[in-house]
Amino acid sequence: MDNNQEKPMPVPQPESDKYWNGLKKGEIWIQKCKSSGQFQFYPRSHSMYNVDGEIEWVKVSGDATLYTFAIVHLAPHYSFSNDVPFINALIKLKEGPIIPTNIVDVKPDPKNLKIGMKLKPVFVDTGQGITLLKFKPA
Amino acid sequence: MANFKRLKNLSGKASIVGVDESNEIGKVPDKSPLALHAEAAINALDDAGMELSDVDGLFTAGWSTLDVAEYIGLQPKYTDSTSVGGSSFVIHVAHALAAIAAGYCEVALITHGQSGRSDRAPVPKDPGIPMVQYEYPYGIIGPPASYSLACSRYMYEYGEDKTRQAMSEIAVSTRKWANLNPKAYFYEKTMNFDDYHNSKWISWPFHLLDCCLVTDAGAAIVITTPERAKNCRKSGVSILGAGEGHDHSMISQMPDLTQAFGKVTGPQALKMAGIHHKDLDLTMIYDSFTYTVLVSLENLGFCKPGEGADFVANQRTSPSGEFPLNTNGGGLSYTHPGMYGIFALVEAVRQLRGEGGERQVPQCNLVLAHGTGGLLSSTSTVILGNA
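Residues numbered from 1 in each chain as written. Chains lettered and ligands numbered in written order. Predicted model: local features only at pLDDT ≥ 70, side-chain atom pairs only at ≥ 80, totals over all residues.

1. Quick look at the overall build of chain B
Here comes step 1: When helices and strands are tallied, chain B shows 14 helices and 11 strands.
Here comes step 2: Rg of the C-alpha trace for chain B: 19 Å, near the compact-globule value of 21 Å for 387 residues, within the 12% margin.
Here comes step 3: Viewed in the frame of its principal axes, chain B has a C-alpha envelope of about 55 × 45 × 45 Å.
Here comes step 4: Here chain B, with 387 residues, has 60% of them falling under the buried criterion.
Here comes step 5: Sequence separation of 24 or more characterises 77% of the internal contacts of chain B that already satisfy a separation of 6 or more. (Helix = DSSP H or I, 4+ residues; strand = E, 2+ residues; numbered from the N terminus. Rg over C-alpha atoms; globule rule 2.2 N^0.38 Å. Buried ≥ 20, exposed ≤ 12 C-beta atoms within 10 Å, placed from the backbone. Contact = placed C-beta atoms within 7 Å.)

The following block contains the structure:
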């Protein structure tokens, strides 16, 4: 049964439209606090580092390293039942922020994954008006 | 910043006088979650020698107190639906202490009921919230997926084999306690190390036997003034210290994956109570996963970061060990409907009263109970003692 269409899809909010629209074009736009120079993920209405400060959107390369991973064997929602086992991960962008994602193009075995390994972005069109940002080994 | 001068004044200003579960726990498909709330509430009031009409403060999580009060038939003058995951009920104890000491209410009722196994109407999450927007689409959904990401990082920092050994020690020792608790889901089912290692993967690094149960159950707690406690059916248990807080909601926003907020709430609760770790007779730690126990022991200051494996080695936390931990069999082997925190408190009170039966900890006078909620997001610690 193809239950892919029933996967939870993000409902972009006003402050995250730019992020999700960017992914559709194969671009990663992240917020940066102008006064502290720090990046933040996910997009917010204000800087987490200086609430009076300005934020700007910066296009980044998506170069990243693996921060942690887990290999999902029991689907956490029925819509993922055709996908198990798959790799959940948190990755650290070169610019600093940590992003939740999946690692693709690797057999889902802990032996194939090393925390700290270099990653590059993969843009996955869901066919439902949303492009997801996944990663694979660089 | 917590004002310890005022907190120390608050220490002991309220007592737990009633605790109980719903009539049945485990598989209870013929009762709704609200029915489990009501049943547990009536049982706990009976344990205290009180009636529904005595209650003037209501605390619950997962549900609004509006719905719970209406269903049970209460008109509370103090209401608190603080809902930050399974730690919420531990937080409610602290809130009830403050409310009673301030004079807002005199008899506080904390209720919980959840049909984790049999619910006919589970509530979907708002698709606009950040967790659903940024984690759910990737399948980072729910506690096993999220806690396993934290555990994997812990293994990277402190060693996979050592961590795995610790997780197996916790699973096996907790089951041994459950084998002494007739109310435990796994009362009659033993577990050895091979069972642990051979259990299927849920979300690597978690085996099935790293994960808590999913059951149907209710529980409730009654708290009142020390004065009124004297007229209750059983002697009251004093609320001596408390701490609460949270530092993220979804797992990818956790500031340090190997350190939960217990590092703040544990020391605060101990300091408020004016006691040290060595004074404790029993520790009750919310065990959503074996890993949660390991990291909580470190966060609470029983040992240093990375030393949890040595702390639990050689079945030290089992009935034959020197550090009694989760004597009811925990969320891993006794019951876990979804938000377990209240059950850790129920067991703490039973042990302090000497009602532990076969699993009774000798001379149990001071207990630390610690809840973790959400995705390692919130914690609350309380110190309970015999007056």
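2. Side note on the overall build of chain A
Here comes step 1: On a plain count of helices and strands, chain A comes out with 1 helix and 8 strands.
Here comes step 2: Reading chain A from its N end, one meets helices and strands in the order α-β-β-β-β-β-β-β-β.
Here comes step 3: For 138 residues, the compact-globule estimate of 2.2 N^0.38 gives 14 Å, and chain A sits close to it at 16 Å.
Here comes step 4: Projected onto its principal axes, the C-alpha coordinates of chain A cover approximately 50 × 30 × 25 Å.
Here comes step 5: Burial analysis of chain A (138 residues in total) assigns 29% to the buried set.
Here comes step 6: A separation threshold of at least 6 residues defines the contact pool for chain A, and within that pool the share at least 24 residues apart is 51%.

3. Examining the sheet that holds strand E2 (residues 57-60) of chain B
All names here are of chain B.
Here comes step 1: Spatially, 9 strands are ordered E3-E2-E4-E7-E1-E8-E11-E10-E9 in an open sheet, and the strand pairing comes out mixed. For this open sheet the edge positions go to strand E3 (78-80) and strand E9 (282-285), each flanked by a neighbour on one side alone. The mean angle between the axes of side-by-side strands here comes to 20°, regardless of whether they run parallel or antiparallel.
Here comes step 2: Examined bridge by bridge, strand E10 (residues 366-373) and strand E11 (residues 378-386) share 8 bridges and lie antiparallel to one another. Of the residues in E11, the one forming a bridge with Leu368 is Ile383.
Here comes step 3: On the sheet, helix H3 (residues 65-72) packs against E2, E3 and strand E4 (107-115) and is oriented at approximately 120° with respect to E2. (Pairing = 2+ DSSP bridges. Axes fitted to C-alpha atoms, helices over the stretch in contact; angles between N-to-C directions.)

4. Structural notes on the packing of helix H7 (residues 160-178) of chain B against helix H11 (residues 290-299) of chain B
Residue and element names in this part refer to chain B.
Here comes step 1: Running from N to C, H7 and H11 point in directions that differ by 110°, and their axes come no closer than 8 Å. Judged on the interaxial angle alone, H11 and H7 are roughly perpendicular. Contact residues: Ala166, Met167, Ile170 and Ala171 in H7; Thr290, Tyr291, Val293 and Leu294 in H11.
Here comes step 2: When the residues that make up the contact of H7 with H11 are grouped by side-chain class, the tally is 7 nonpolar, 1 polar and no charged. (Parallel < 35°, antiparallel > 145°, perpendicular 65-115°, else oblique. Nonpolar A, V, L, I, M, F, W, Y, C, P; charged D, E, K, R; others polar.)

5. Considerations on the packing of helix H4 (residues 88-102) of chain B against helix H14 (residues 341-353) of chain B
All names here are of chain B.
Here comes step 1: The interhelical angle for the contact between H4 and H14, taken along N-to-C directions, is 60°, at an axis separation of 6 Å. Taken as axis vectors, H4 and H14 run oblique relative to one another. Between H4, through Ser88, Phe89, Val90 and Val93, and H14, the contact on the second element is made entirely by Gly341, Ile342 and Leu345.
Here comes step 2: In the contact of H4 with H14, the residues fall into 5 nonpolar, 2 polar and no charged.

6. As for the interface of chain A and chain B
Here comes step 1: Of the residues lining the interface, 30 residues belong to chain A; the matching set on chain B comes to 27 residues.
Here comes step 2: Elements supplying a minimum of two residues to the side of chain A that touches chain B: strand E4 (64-72), strand E5 (86-93) and strand E6 (98-103) of chain A.
Here comes step 3: Taken together, the residues of the side of chain A that touches chain B break down into 20 nonpolar, 8 polar and 2 charged.

7. A look at the nonpolar core
All names here are of chain B.
Here comes step 1: With 147 residues, the main nonpolar core has Val93, Leu345 and Leu384 as its most contacted residues.
Here comes step 2: Looking at which element gives the most residues to this core, the answer is H4, with 9 residues.
Here comes step 3: If we skip the residues at most four places from it in the chain, Leu384 touches Ile16, Val237, Ser238, Ile239, Leu240, Ala348, Val349, Leu352, Val367 and Ala369. (Core = buried A, V, L, I, M, F, W, Y, C linked by C-beta atoms within 7 Å.)

8. Side note on the environment of Asp17(A)
Here comes step 1: Along the chain, Asp17(A) turns up in helix H1 (residues 17-24).
Here comes step 2: Here the alpha-carbon distance between Asp17(A) and Thr101(A), two residues 84 residues apart in the chain, equals 18 Å.

9. Re H11(B)
Residue and element names in this part refer to chain B.
Here comes step 1: The buried fraction of H11 is high, at 10 of 10 residues.
Here comes step 2: For H11, every residue scored as buried is listed here: Thr290, Tyr291, Thr292, Val293, Leu294, Val295, Ser296, Leu297, Glu298 and Asn299.
Here comes step 3: In the stretch just after H11, Gly301 is the one whose phi turns positive, near 90°.

10. A closer look at the sheet that holds strand E2 (residues 39-40) of chain A
Here comes step 1: Strand order in the open sheet formed by 3 strands is E2-E1-E3 (chain A), with antiparallel pairing between adjacent strands. Whereas interior strands pair on both sides, the edge strands pair on one side only; in this sheet they are E2 and strand E3 (55-60) of chain A.

11. Section: the environment of Lys120(A)
Residue and element names in this part refer to chain A.
Here comes step 1: Mapping Lys120 onto the fold places it in strand E7 (residues 118-125).
Here comes step 2: For Lys120, a count of 12 C-beta atoms within 10 Å gives the class exposed.
Here comes step 3: As for Lys120 and Ser35, which are separated by 85 residues in sequence, their C-alpha atoms are 28 Å apart.

12. Things to note about the environment of Ile129(B)
Here comes step 1: Secondary-structure assignment places Ile129(B) in the loop between E4 and helix H5 (130-134).
Here comes step 2: Sequence separation of Ile129(B) and Ser249(B) is 120 residues, and the distance between their C-alpha atoms is 10 Å.

13. Observations concerning the pairing of strand E5 (residues 201-204) of chain B
Here comes step 1: Two elements, E4(A) and E5(B), share 2 bridges in a ladder whose sense is antiparallel. Residue pairing for E5(B): Ile71(A) is matched across the bridge by Trp204(B).
Here comes step 2: Where E5(B) lies against strand E6 (residues 206-207) of chain B, 2 bridges are found, and the strand directions are antiparallel. Bridge pairing links Trp201(B) to His207(B) in E6(B).

The values are spatial; any link to function lies outside them.
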